[in-house]
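Architecture at a glance
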Amino acid sequence: MPDLADGVARFQQDVFPAKADLFAHLAAHHTPHTLFIGCSDARVVPELITQGEPGELFVIRTAGNLVPAYSPGANGVTASIEYAVAVLGVSDIVVCGHSACGAMTALSEGHDLSGAPVVADWLRHADAAMARTAGMEAGPRKTAALVRQNVHAQLANLATHPSVARALAEGRVTLHGWVFDIATGRIERLDAVGTGAALAS
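Report on the accompanying structure. (Residues numbered from 1 in each chain as written. Predicted model: local features only at pLDDT ≥ 70, side-chain atom pairs only at ≥ 80, totals over all residues. Heavy atoms only, no water.)

1. Re helix H9 (residues 162–169)
Among all positions of H9, only Ser163, Val164 and Ala167 are buried. Buried positions in H9, seen along its axis, are confined to an arc of 95° and lie on one side of it. Against helix H4 (76–87), strand E3 (92–98), helix H8 (140–158) and strand E4 (174–180) lie the buried residues of H9. Immediately downstream of H9, the backbone of Gly171 shows phi near 70°, a positive value. (Buried < 20%, exposed > 50% of the residue type's maximum accessible area, 1.4 Å probe, protein only. Helix = DSSP H or I, 4+ residues; strand = E, 2+ residues; numbered from the N terminus. Arc of directions from axis to C-beta. Contact = heavy atoms within 4.5 Å.)

Here it is, written out as structure tokens:
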């Protein structure tokens, strides 16, 4: 905790004054251009990866960058998606997976999650991705394939949300699939059919 307190002090002393005009504007304006759905993993920091300024990204982080398919009722992920699309009017949505993902590793290697039953239940949102990699032998290649298939599956889930479906139909939003490699810092952009290409720098 002392490290966090030191960080707050440095922010208030050095960072905030340099961006005082930006924060004064943000105090009355909230107009992010992108909804970024990423993993809760502490090594994957959307604002750092994209070098975005405060106010540019509306961020949702969940274990395994999972997006439950739409269902009626109160749900924090669904509410955040709806708010970003229907109220804030974001023009782009990124679903970003990453290398060495603990959630995808647990699934691909069949880890015992009996001690974390809520986690096990949550990971069922990756069932479609699991089905697509079911024939592969366990190991690093399967985990990497699962990470990619999971991004595709979550993009499909995302499109079931009424706010997203409407925005897609009206051409107001574009969906993007990314995979971030922690060791190299590279971003792989996934296309609609499951192949990938490095994101141009």
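Okay, back to it.
2. A short note on the packing of aromatic side chains
If you walk through the whole model with that rule in mind, you get five aromatic pairs. Where Phe11 meets Phe23, the ring centres are 6.0 Å apart and the plane angle is 85°; that geometry is what we call edge-to-face. Here the residue Phe11 occupies a position in helix H1 (residues 2–18), and Phe23 occupies one in helix H2 (residues 20–26), the gap between them amounting to 12 residues. Ring geometry for Phe58 versus Tyr83: centroids 6.0 Å apart, planes at 40°, classification tilted. Separated by 25 residues along the polypeptide, Phe58 in strand E2 (residues 57–62) and Tyr83 in helix H4 bring together distant segments of the chain. Taking the relative accessible area as the measure of exposure, Phe58 reaches 15% and is therefore buried. What links up through ring pairs into an aromatic cluster is the set Phe11, Phe16 and Phe23. (Phe/Tyr/Trp six-rings, centres within 6.5 Å; stacked < 30°, edge-to-face > 60°.)

3. Concerning the environment of Thr184
With respect to the helices, strands and loops of the structure, Thr184 is situated in the loop between E4 and strand E5 (187–190). By relative accessible area, Thr184 is classed as exposed at 53%. A polar contact is formed between the side chain of Thr184 and the side chain of Asp181, at a distance of 2.8 Å. A distance of 3.2 Å separates a polar side-chain atom of Thr184 from the backbone nitrogen of Arg186. (Polar contact = N/O pair within 3.5 Å; in protein donor to acceptor, adjacent residues only side chain to side chain.)

4. Description of a nonpolar patch on the surface
The grouping of Phe11, Val15 and Phe16 at the surface amounts to a nonpolar patch, some 230 Å² of accessible area in total. Tracing the backbone through its elements, the reader meets Val15 in helix H1. Taking the relative accessible area as the measure of exposure, Val15 reaches 38% and is therefore partly exposed. (Patch = residues over 30% accessible without salt bridge, like charges linked within 9 Å, V, L, I, M, F, W, Y side chains within 5 Å. Areas by Shrake-Rupley, 256 points an atom, 1.4 Å probe, with all protein chains shown as cover. Salt bridge = Lys/Arg side-chain N within 4 Å of Asp/Glu carboxyl O.)

5. A look at the pairing of strand E1 (residues 34–39)
Of all the six residues making up E1, six are buried; the element is thus mostly covered by neighbouring parts of the structure. One ladder, built from six bridges, connects E1 with E2; its direction is parallel. In the sheet register, Ile37 faces E2, and the bridge partner there is Ile60. When E1 meets E3, the two strands line up parallel, connected through five bridges. In the sheet register, Ile37 faces E3, and the bridge partner there is Val95. (Pairing = 2+ DSSP bridges.)

6. A word on the pairing of E5
Where E4 meets E5, four bridges bridge the pair, whose relative direction is antiparallel. Along E5, the bridge assignment pairs Gly177 with Leu190. Once E4 ends, the chain turns through six residues before running back antiparallel as E5, passing Gly185 with a positive phi of about 80°.

7. A few points about the state of the cysteines
In this structure the tally under the stated criterion is zero disulfides. The structure places no disulfide on Cys96, whose sulfur is separated from the nearest cysteine sulfur, that of Cys39, by 9.2 Å. Judged by relative accessible area, which is 0%, Cys96 ranks as buried. The thiol sulfur of Cys101 is not disulfide-bonded, and the nearest other cysteine sulfur, from Cys39, lies at 4.3 Å. (Disulfide = S-S within 2.5 Å.)

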